[in-house]
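# Structural overview
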Amino acid sequence: MATAAAQGSEVNAMVIHNRKVLRPPPASVTRWNVEVSEFLGLGTKGFAIFVAPKGVQWTVTNRGDGGYTNWCFAGHFDRDGSTVTFH
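Chains are numbered independently. Their residues run from 1 in the order of the written sequence. Given that the model is predicted, a residue must reach a pLDDT of at least 70 before its local features are reported, and side-chain atom pairs must reach 80 or more before they are shown or counted; all residues, however, enter totals for whole chains, interfaces and linings. Side-chain numbers here rest on the full set of heavy atoms in the structure, without hydrogens or water.

Before going further, it helps to spend a moment on the pairing of strand β3 (residues 30-37). Two strands make a pair as long as DSSP finds a minimum of two bridges between them. Labels follow the DSSP assignment, with helices taken as runs of H or I lasting at least four residues and strands as runs of E lasting at least two, numbered in each case from the N terminus. In this sheet, strand β4 (residues 44-53) lies alongside β3 in antiparallel orientation, the contact comprising eight bridges. Within the sheet, the bridge partner assigned to Ser37 lies in β4 and is Thr44. The turn linking β3 back onto β4 is made up of six residues, and Leu40 within it adopts a positive phi angle of 60°.

Rendered as structure tokens:
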């Protein structure tokens, strides 16, 4: 994420553990679901990846604890606590 942001990427991106609320879900926001192996392969943890071109407004609210292990994001955004609005 940091590399994409540093290179002046033309997209906004969010990776978040399953506790999330995306509103409104514009058609121009692409979503992928991935499962990541936990320590020693003792299970998996699901994450959603959202990507949209800069200029598309969309909002994600993290319903988890907000720690970096549960979400990360990059691009053009405003953050208010656990809510991130991309522009």
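Once the structure has been displayed, the description carries forward.
Another aspect to go through is a nonpolar patch on the surface. Judged by side-chain polarity, Trp32, Val34 and Val36 come together as a nonpolar surface patch covering roughly 250 Å² of accessible area. Mapped onto the elements, Trp32 comes out in strand β3. Think of a patch as exposed residues, more than 30% relative accessible area, with no salt bridge, where like charges cluster within 9 Å and nonpolar side chains (Val, Leu, Ile, Met, Phe, Trp, Tyr) cluster within 5 Å. Using a 1.4 Å probe, the Shrake-Rupley method yields the accessible areas, and only the shown protein chains count as cover for residues. Here a salt bridge means any side-chain nitrogen of Lys or Arg lying within 4 Å of a carboxyl oxygen belonging to Asp or Glu.

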